Amino acid sequence: CYFEEYVYRSLPNFDYFWTVALAGLVTFASISVASSLADGTLMRARKAPIKLYVIQALLLAAYSTVGKLCYKWINYATGTVLRSSKLVFTMVISVAWLKRKYKPHQVAAALLLVIAVAFFGVAEHEQHSAPIDADSSDIVSPNAEIVTDESSLGLSGDVRLALGFGLSVFAIFLGSLQSNVSEHAMRNHGADVRENILYTNA
């Protein structure tokens, strides 16, 4: 995460977010295949249907690419905090689809997480909207690293921030769907975590 943020901040007009997502996915796939070769998982019979892993793979790819693209319009810290709200989306989908039940304190904890994320977003917006003092380098746009020409699409700062938040929320929704398909494969088909990771990433 540190090096990823460093890339975004140190390279002006960086616009290769999907390349970053691809590099991450290739890395995950390589590690999954190597570890599965080492422990023999690669040669075991698959328990869950391949279509579940194809669905998971597509959702994971979409989640990764859209999740990286949001950093074009919001800063890395905000995007990372927003991703923590994936828990709430996952819980809602699992209740509706997998009929899972949660205890009141678990729901309360999830709601507090959403509130915390919302406050973080408000603070980010206020920092983004604050006037910049010519003598101060403390207040910077979350997109100060990106030159606001072709990468800004001619949109105002508020619209770009809203677009970044919207993409981030959509990415979180995709990731939550993937988590629930993963749970379905393991709970209803007896697939273990290693098999799930191997086939989804590969």
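Now for a description of the structure that goes with this document. All values derive from a computational prediction rather than experimental measurement.

### A few points about the overall build of the protein chain
- A count of helices and strands for the protein chain gives eight helices and zero strands.
- Along the protein chain, helices and strands appear, N-terminal first, in the series α-α-α-α-α-α-α-α.
- Across the 202 residues that make up the protein chain, the buried fraction comes to 37%.
- Across the protein chain, contacts joining residues at least 24 apart in sequence account for 79% of those joining residues at least 6 apart.

### Quick notes on a nonpolar patch on the surface
- A cluster of nonpolar side chains, Tyr 2, Phe 3 and Tyr 6, forms an exposed patch at the surface whose accessible area comes to about 440 Å².
- Judged by its relative accessible area of 64%, Phe 3 falls in the exposed class.

### Section: helix H5 (residues 86–97)
- In this model H5 runs 16 Å from its N-terminal to its C-terminal C-alpha over twelve residues, within 8% of the 16 Å that 1.5 Å per residue would give.
- Where H5 is concerned, the buried positions are Lys 86, Val 88, Thr 90, Met 91, Ile 93 and Ser 94.
- Positioned one or two residues after H5, Lys 99 has a phi angle of 60°, which is positive.

### With respect to the nonpolar core
- Tyr 8, Tyr 71, Ile 74 and Leu 82 are the most contacted members of the largest nonpolar core, which totals 27 residues.
- For this core, the elements supplying multiple residues, two or more each, are helix H2 (17–39), helix H3 (50–69), helix H4 (76–83) and helix H7 (157–189).
- With eight residues, the top contributor of residues to this core is H7.

### Examining the pattern of salt bridges
- Inspection of the entire model under this criterion finds six salt bridges.
- Note that Asp 15 and Lys 72 form a salt bridge whose closest N and O atoms lie 2.9 Å from each other. Of this pair, Asp 15 sits in the loop between helix H1 (2–10) and H2 while Lys 72 is found in the loop between H3 and H4, placing the two residues 57 residues apart along the sequence.

### A closer look at the packing of H5 against H7
- Here H5 crosses H7 at 50°, and the two axes come no closer than 8 Å. Between H5 and H7, the angle falls in the class oblique. Regarding H5 and H7, the two cross each other, and that crossing is right-handed. Contacts between H5 and H7 involve Lys 86, Phe 89, Thr 90, Ile 93, Ser 94 and Trp 97 from the former and Val 169, Ile 172, Phe 173, Gly 175, Ser 176, Leu 177, Ser 179, Asn 180, Val 181 and His 184 from the latter.

### Points about the environment of Cys 70
- With respect to the helices and strands, the residue Cys 70 is situated in the loop between H3 and H4.
- On a C-alpha basis, the gap between Cys 70 and Ala 171 in space is 8.7 Å, while along the polypeptide they are 101 residues apart.
- Cys 70 has contacts with Gly 164, Leu 167 and Ser 168, leaving out every residue within four places of it along the chain.

### Brief notes about the packing of aromatic side chains
- What the rule picks out here adds up to ten aromatic pairs.
- Taking 5.3 Å as the distance between ring centres and 20° as the angle between the ring planes, the aromatic pair formed by Tyr 53 and Tyr 199 counts as stacked. Pair noted here: Tyr 53 is in helix H3 and Tyr 199 is in helix H8 (residues 193–201), with a separation of 146 residues, a long-range link.
- Taken together, the ring pairs connect Tyr 8, Phe 14, Tyr 16, Phe 17, Tyr 71 and Tyr 76 into an aromatic cluster.
- Taking NZ or CZ as reference, Arg 46 lies 5.8 Å from the ring centre of Tyr 199, over its face.
- Geometry around Tyr 63 places Arg 83 over its ring, the cationic atom sitting 5.0 Å from the centre.

### Description of H4
- Among the residues making up H4, those that are buried are Tyr 76, Thr 78, Gly 79 and Leu 82. Taken end-on, H4 shows its buried residues confined to a sector of 165°, consistent with a single buried face.

What counts, and where the lines are drawn
Residues numbered from 1 in each chain as written. Predicted model: local features only at pLDDT ≥ 70, side-chain atom pairs only at ≥ 80, totals over all residues. Heavy atoms only, no water. Helix = DSSP H or I, 4+ residues; strand = E, 2+ residues; numbered from the N terminus. Buried < 20%, exposed > 50% of the residue type's maximum accessible area, 1.4 Å probe, protein only. Contact = heavy atoms within 4.5 Å. Patch = residues over 30% accessible without salt bridge, like charges linked within 9 Å, V, L, I, M, F, W, Y side chains within 5 Å. Areas by Shrake-Rupley, 256 points an atom, 1.4 Å probe, with all protein chains shown as cover. Salt bridge = Lys/Arg side-chain N within 4 Å of Asp/Glu carboxyl O. Expected span 1.5 Å × (residues − 1). Core = buried A, V, L, I, M, F, W, Y, C linked by side-chain atoms within 4.5 Å. Axes fitted to C-alpha atoms, helices over the stretch in contact; angles between N-to-C directions. Parallel < 35°, antiparallel > 145°, perpendicular 65-115°, else oblique. Left-handed = near helix turned anticlockwise from the far one by under 90°. Phe/Tyr/Trp six-rings, centres within 6.5 Å; stacked < 30°, edge-to-face > 60°. Lys NZ or Arg CZ within 6 Å of the ring centre and 35° of its normal. Arc of directions from axis to C-beta.

By themselves, these observations are geometric and do not establish any function.
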